[in-house]
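Now for the letters of each chain:
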Amino acid sequence: MSKTVSILGATGSVGRQALDVVSRRGYRVDLLTAGSDARALENLAREYKPKAVALAEEKAARDLALSLGDTDIKVFSGEEGICEAVALSESEVAVNAILGKAGLMPTLAVIDSGKRLALSNKESLVIAGDIVMSRAREKGVEIIPVDSEHSAIFQSLKSGRHSEIKRIILTASGGPFFGKSRSELSRVTLADTLNHPTWKMGKKITVDSATLMNKGFELIEACHLFSLPEVKITVSVHRESILHSAVEYIDNAIIGEFSVPDMRMCVQYALDYPNRTEAVAEPLDLTRIGSLTFFEPDCEAFPFLPLARRAIREGGAMPAVMNAADEVAVAAFLTSRLDFTGIYRVVEETFEKLLDRRNSSSLEDIIDADREARLLCESLI
Ligand code: MG
């Protein structure tokens, strides 16, 4: 059965993999959006022929409108333009693969438009999980996760009822620095950090995987998606990235999803759910893998896991503050203005200084807390 799909964040790693799934499945694309890369979005627009495209950066959007002048593709501009294009789009499903806080308003726009949301932008849930989830319930919109762990949990939850869940086992690759002590971490370089053992991803998430902040975000994401307190989520380091996460039920049965690490499977599942369709990814040969290993995470060397637990327990805008500080810190690390352990220092310091933001809960206050956290964190670098 054919489908029409919108892809937000189309030029990024997950966006491109989503486009690959869409082509292989023979679906149509009616909207493509990106941040600022007019050239890359123009190329995708010429290839996939959507009805509309949008760029968050306004100058880039003007360039794109000029270069697509010979087509009848509509060009939208700015965050508002992205949301307007989402509202006008007639697709059944939107993949939100935008990076960072920039994905929040588009997530809400997809929900308001009544489309299914295939959600790869975990920050929407980290920053404003309560608002996003309650808006989706109100509108009767399905959110199907495109994060590999959450896709696995979503699938594993088909084996029992919510009241029968004992805990979620959220797996983590451990990143390139698994086994290193805090003092060894103070000597790692940018190049070491960008060398992830199992997943090919964008730079921001690759750094977040190395600090384990990515797992902290995923823990918060899981609490919201599956309506569970953080104490019911255990993180287990699993170096091979073959078991993508699991659910343990009260009878001690553990149900998990095993496959090759390939994001396209998660996109496909989110697009085609509740159906399972012809594979786009390679099959998994368990005998070739041979053995699977599991370890406890080292929360002393990698303090973002406990920080994320604290952020969701404190509540309010604290997860948003943590996310904003991390976005600023990682950008500084990627441009060599901060060293690896400096990321921990400035994010923790921003968090402690803005602790009264646990009382901020409206969307407006959360966005204000985000802005304050960015300024503060920048000043600490
Ligand atoms: Mg993940």
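Here the structure is a predicted model, which is why all the values come from computation and not from measurement.

A. A look at a nonpolar patch on the surface. The grouping of Phe258, Leu286 and Ile289 at the surface amounts to a nonpolar patch, some 260 Å² of accessible area in total. Within the secondary structure, Phe258 sits in strand 11 (residues 254–258).

B. Examining the coordination of the magnesium ion more closely. Looking at the magnesium ion, the protein donor atoms are Asp147 (OD), Glu149 (OE) and Glu218 (OE), and they sit 2.1 to 2.2 Å from it. Mapped onto the polypeptide sequence, the residues donating to the magnesium ion form the spacing pattern D-x1-E-x68-E. Given the relative accessible area of 8%, Asp147 is considered buried.

C. Focus on the sheet that holds strand 4 (residues 74–77). Sheet architecture is open: seven strands sit in the order 4-3-2-1-5-6-7, paired in parallel fashion. Both edges of this open sheet fall to strand 4 and strand 7 (143–145), since each of them pairs with a single strand only. On average, each strand axis in the sheet is tilted by 20° relative to the strand beside it, whichever way the strands run. Looking at chain direction, strand 3 (residues 52–55) and strand 4 are connected through four bridges and run parallel. Pairing of Val53 across the sheet is with Val75, part of strand 4. Where helix 3 (residues 58–67) meets the sheet, its contacts fall on strand 3 and strand 4, and the angle it forms with strand 4 comes to roughly 170°.

D. Just the layout of surface pockets, in detail. Counted as a void, the second largest pocket has a volume near 340 Å³. Counting only elements with at least two residues in the lining of the second largest pocket, the list comes to helix 6 (123–139), strand 7 and helix 11 (213–225). Of the residues in the lining of the second largest pocket, the class split is eleven nonpolar, three polar and three charged.

E. Here's a closer look at the packing of helix 4 (residues 78–88) against helix 5 (residues 104–113). For the pair helix 4 and helix 5, the least separation of the axes is 9 Å and the interaxial angle reads 20°. Classified by the interaxial angle, the pair formed by helix 4 and helix 5 is roughly parallel. Between helix 4 and helix 5 lies a crossing whose hand is right-handed. Between helix 4 and helix 5, the residues in contact are Glu79, Ile82, Cys83, Val86 and Ala87 and Met105, Pro106, Ala109, Val110 and Ser113, respectively. Here the contact of helix 4 with helix 5 is built from residues that sort into eight nonpolar, one polar and one charged.

F. Focus on the side chain of Glu221. Here Glu221 lies in helix 11. Although buried, Glu221 forms no salt bridge, and the nearest oppositely charged side chain, Lys122, lies 4.8 Å from it.

G. Quick peek at the pattern of salt bridges. If you walk through the whole model with that rule in mind, you get 32 salt bridges. Of the charged contacts, one joins Glu218 and Lys122 as a salt bridge, the two residues approaching to 2.9 Å between their closest N and O atoms. Of this pair, Glu218 sits in helix 11 while Lys122 sits in the loop between strand 6 (116–119) and helix 6, and the two are 96 residues apart along the sequence. Of the two residues, Glu218 and Lys122, neither departs from the other in class, the shared state being buried. For Asp370, the salt bridge is made with Arg374, and the minimal N-O distance between the two is 2.7 Å. Of this pair, Asp370 and Arg374 both sit in helix 17 (residues 363–380), separated by four residues, roughly a single helical turn. The class for Arg374 is partly exposed, based on a relative accessible area of 22%. One connected set of salt bridges, linked through shared partners, spans Lys122, Asp147, Glu149, Lys215 and Glu218.

H. The arrangement of helix 4 in detail. For helix 4, the complete set of buried residues consists of Gly78, Gly81, Ile82, Cys83, Ala85 and Val86. Residues of helix 4 that are buried sit in contact with strand 1 (4–8), strand 2 (28–34), strand 3, helix 3, strand 4 and helix 5.

I. Broad picture of the pairing of strand 6. The two faces of strand 6 match: Arg116 and Ala118 on one face and Leu117 and Leu119 on the other face are all buried. Relative to strand 6, strand 5 (residues 93–96) is paired through four bridges, and the arrangement is parallel. Residue Ala94 lies in a different strand from strand 6, and its bridge partner there is Leu117. This β-α-β element, strand 5 to helix 5 to strand 6, shows right-handed connectivity. Two strands pair when backbone bridges link them, and strand 6 and strand 7 are joined in this way by three bridges, in the parallel orientation.

Scoring rules and cut-offs
Residues numbered from 1 in each chain as written. Predicted model: local features only at pLDDT ≥ 70, side-chain atom pairs only at ≥ 80, totals over all residues. Heavy atoms only, no water. Patch = residues over 30% accessible without salt bridge, like charges linked within 9 Å, V, L, I, M, F, W, Y side chains within 5 Å. Areas by Shrake-Rupley, 256 points an atom, 1.4 Å probe, with all protein chains shown as cover. Salt bridge = Lys/Arg side-chain N within 4 Å of Asp/Glu carboxyl O. Helix = DSSP H or I, 4+ residues; strand = E, 2+ residues; numbered from the N terminus. Donors = N, O, S within 2.8 Å, 3.2 Å for Na, K, Ca; no water. Buried < 20%, exposed > 50% of the residue type's maximum accessible area, 1.4 Å probe, protein only. Pairing = 2+ DSSP bridges. Axes fitted to C-alpha atoms, helices over the stretch in contact; angles between N-to-C directions. Contact = heavy atoms within 4.5 Å. 1 Å grid on protein atoms, 1.4 Å probe; cavity = no way out; pocket = protein on both sides within 12 Å on 5 of 7 lines; lining within 4 Å. Points joined across faces, edges and corners; volume = space filled by probe spheres on them. Nonpolar A, V, L, I, M, F, W, Y, C, P; charged D, E, K, R; others polar. Parallel < 35°, antiparallel > 145°, perpendicular 65-115°, else oblique. Left-handed = near helix turned anticlockwise from the far one by under 90°. Lys, Arg positive; Asp, Glu negative; His and termini not counted. Right-handed = clockwise from strand over helix to strand, strands pointing away.

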